[in-house]
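The primary structure of each chain is shown beneath.
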Amino acid sequence: MYPRFRKAGYQAIDRICDYHGSLRGRPVSSQVEPGYLRKALPSSAPTEGEDFQLIADDYQKHIIPGLTHWQHPSFFAYFPTSSTFEGILAELYASSTSNPGFNWSASPACTELEAVVMDWTAQILGLDKAFYNISEVGGGVIQTSASDSVLVATVAARSRYIREHPHVAMEDLVLYITTQTHSLGKKAALVLGLKVHTLQVTAQDDFALRGDTLKVALEEDVKAGFHPFILIGTVGTTSSGAVDRLDEIADVAKHYPFLWLHVDAAWAGVAFVCPEYREAYQLPAINNYVDSFCTNFHKWGLIHVDGSCLWVRHRRHLSDALDVTPEFLRSKHGDAATAIDYRNWHLGLGRRFRSLKFWFALRTRGVNGFQKYITDCIRLNARFAQCIYESDLFSVVTKPSLAMTVFRMAPKSLPHLGASELNALNRAFYARLAARSDIAITQTDLNGVFCVRMVIGAEQTVEGDIEQALVLMKEEAVVLVRNWEG
Ligand code: PLP
């Protein structure tokens, strides 16, 4: 095995380096059609094992063409996801000692490293010490996704509420989200069979949830016999990077002592590594009031998918809700509570050794490296937004948020277009961009306004890529204006 592995391994590293080095010359989005791979591959697994070189070559031939290159310098779609050399190596080491690390004794280093890096991470973001593992009251855990983090928080919140109100029927519990909450809110309610109250937010409030809106909803629901038990607030919404007014929300929530406040900052939360964004993005309210907070380091935090960080103020709410311990899962340290049993902090039992990639990335980059990466992205976005503000063809729809600009066509030469015509024009604009292979960008709808989202996050993106994006956007917009006028 070993000589073959060494040879294949050296080649794999070479090819991975070549792949990253050649990204700029590749189309951003895959050009294949649905079903392409089934046509290219045999209809069953081979009876006899094959030579690995053949397999490695088939990866180049069949898989890479079917990939959208999220690390491409012209990838501006969704939110970014990272791939770093140190993360690749961490994944390699982690897989070389494959183990399900569900409790301390299953592999002590897995639990201990996770507890340490979650504290390091909490520290670089400026989270309150109450959330540190070392507090032995609160703590942090790596989840697969922000959706899992919300699910775990909701299960914990429900369990806490029912413990305090044992006669309340599950169907009377209400989970609160806004029209801008990511689909994870509705999905958690769907999975758990819970009632959802979706609160309206407005363009005038920059799509942020305000305290007054929540106050009215809570009062009406309680009067109607319902039991508010969790609110999912967002810092950095998917559609526009909006930031719910957690300070106002906390002021209302203090009258509902068992209303759990969870903050989903899947994308924007990593920006707390830069102290200058903490105040505006509500870190003080997070530190002072919320029960749980999540940010995905696998989005904007130089960590490979998956690495969603969830911190809770009281770890016992997680284990009260999720601890199921048959005899075969008992352990000396679990019984004595002398070590964290992470199996009681998430939905599954076994878990990947994800803390290794955090450790590698935090050490190779240092706080300064993380800060530089985030501020570079924000600086490039400011440059992009400035050009949109100055343009005769486009306008900014919401205030740019960190490394995200939401904009649309609003040509000065077509001043009389109505709302539906403008939406049609922008749908056509987006369709033209989406059909191109040299840029990836995504769309959204903000209270009936169709718009385009530009998010900067690939490490290879430089100013020239932003200029190039603007050139091709203008190119497409000019064609549409001409057609419209003609
Ligand atoms: N929350 C926000 C604000 C998001 O933008 C996203 C994804 O883009 C998510 C949550 C979902 O994250 P995950 O895929 O980790 O569940």
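Residues numbered from 1 in each chain as written. Predicted model: local features only at pLDDT ≥ 70, side-chain atom pairs only at ≥ 80, totals over all residues.

Novice: Please clarify how the confidence of the model for the protein chain should be interpreted in this entry.
Specialist: Regions with low pLDDT should not have their predicted coordinates read in detail. The share of residues in the protein chain with pLDDT of 70 or more is 100%, and the mean pLDDT across the chain is 97. This prediction of the complex comes with two scores: 0.97 for pTM and 0.99 for ipTM. (pLDDT = per-residue confidence, 0-100.)

Novice: Would you explain the environment of Val367 in this entry?
Specialist: Position of Val367 among the secondary structure elements: in helix H14 (residues 355-390). On the basis of neighbour counts, which here come to 13 C-beta atoms within 10 Å, the residue Val367 falls in the partly exposed class. Sequence spacing of Val367 and Leu125 is 242 residues, and the spatial spacing of their C-alpha atoms is 9.6 Å. Setting aside anything within four residues of it in sequence, one finds Val367 in contact with Ile124 and Val273. (Helix = DSSP H or I, 4+ residues; strand = E, 2+ residues; numbered from the N terminus. Buried ≥ 20, exposed ≤ 12 C-beta atoms within 10 Å, placed from the backbone. Contact = placed C-beta atoms within 7 Å.)

Novice: What am I meant to see in the site of the ligand here?
Specialist: Around the ligand, 16 residues are found, and the nearest of them are Ser145, Ala146, Ser147, Thr238 and Ala266. In terms of residue class, the shell around the ligand is made up of six nonpolar, nine polar and one charged. (Near = placed C-beta within 6 Å. Nonpolar A, V, L, I, M, F, W, Y, C, P; charged D, E, K, R; others polar.)

Novice: Just to check I follow, could you spell out the pairing of strand S11 (residues 449-455) for this structure?
Specialist: Regular strands place side chains that alternate from one sheet face to the opposite one. When you tally the buried positions in S11, you get six out of seven residues, the bulk of the element. As paired strands, strand S10 (residues 442-446) and S11 are joined by five bridges and run antiparallel to one another. Paired with Thr442 across the two strands is Arg453, which belongs to S11. In this antiparallel pair of consecutive strands, S10 and S11, the connection spans two residues, and Asn447 shows a positive phi of 45°. (Pairing = 2+ DSSP bridges.)

Novice: What is the right way to look at the nonpolar core in this model?
Specialist: Side chains of nonpolar character tend, in soluble globular proteins, to be buried together. Counting 128 residues, the largest nonpolar core has Phe76, Ile230, Ala271 and Ile374 as the members making the most contacts within it. The leading source of residues in this core is H14, at twelve residues. In this structure, this core is formed jointly by two domains, domain 2 (98-352) and domain 3 (363-485), each of which donates at least three residues. Not counting residues within four places of it along the chain, the set of residues in contact with Ala271 comprises Tyr277, Tyr281, Ile374 and Leu402. (Core = buried A, V, L, I, M, F, W, Y, C linked by C-beta atoms within 7 Å. Domains from an automatic or database assignment.)

Novice: Looking at this model, I keep getting lost on the sheet that holds strand S9 (residues 404-409). Mind explaining?
Specialist: Picture the strands of a sheet paired through backbone hydrogen bonds; they go either parallel or antiparallel. Pairing within the open sheet is antiparallel, and its four strands lie in the order S8-S9-S11-S10. Only two strands of the sheet have a single neighbouring strand rather than two, namely strand S8 (394-396) and S10. Adjacent strand axes in the sheet meet at a mean angle of 40° when their direction is disregarded. Of the pairings in the sheet, the one linking S9 to S11 comprises four bridges and is antiparallel in character. Residue pairing across strands places Val406 opposite Arg453, the latter belonging to S11. (Axes fitted to C-alpha atoms, helices over the stretch in contact; angles between N-to-C directions.)

Novice: Looking at this structure, I do not really get the domain arrangement of the protein chain. What am I missing?
Specialist: One frequent convention defines the size of an interface as the accessible area lost when the parts assemble. What the domain assignment reports for the protein chain is domain 1 (2-69), domain 2 (98-352) and domain 3 (363-485). Between domain 1 and domain 2, the C-alpha centre-to-centre distance is 38 Å.

Novice: Sorry, what's going on with the pairing of strand S6 (residues 292-296) here?
Specialist: Summarising burial for S6: five of the five residues are buried, a large majority. Both faces of S6 are covered, namely the face carrying Ser292, Cys294 and Asn296 and the face carrying Phe293 and Thr295. Sheet analysis places strand S5 (residues 260-264) next to S6, joined by three bridges and oriented parallel. Across the sheet, the residue bridging to His262 is Ser292, located in S6. Note on the crossover from S5 through helix H10 (residues 283-289) to S6: the handedness is right-handed. (Right-handed = clockwise from strand over helix to strand, strands pointing away.)

Novice: Would you mind showing me how to read the environment of Leu214 here?
Specialist: Looking at the secondary structure, you find Leu214 in helix H8 (residues 211-223). By the C-beta count within 10 Å, which is 26 here, Leu214 ends up buried. It is 30 Å that separates the C-alpha atoms of Leu214 and Trp300, two residues lying 86 residues apart in sequence.

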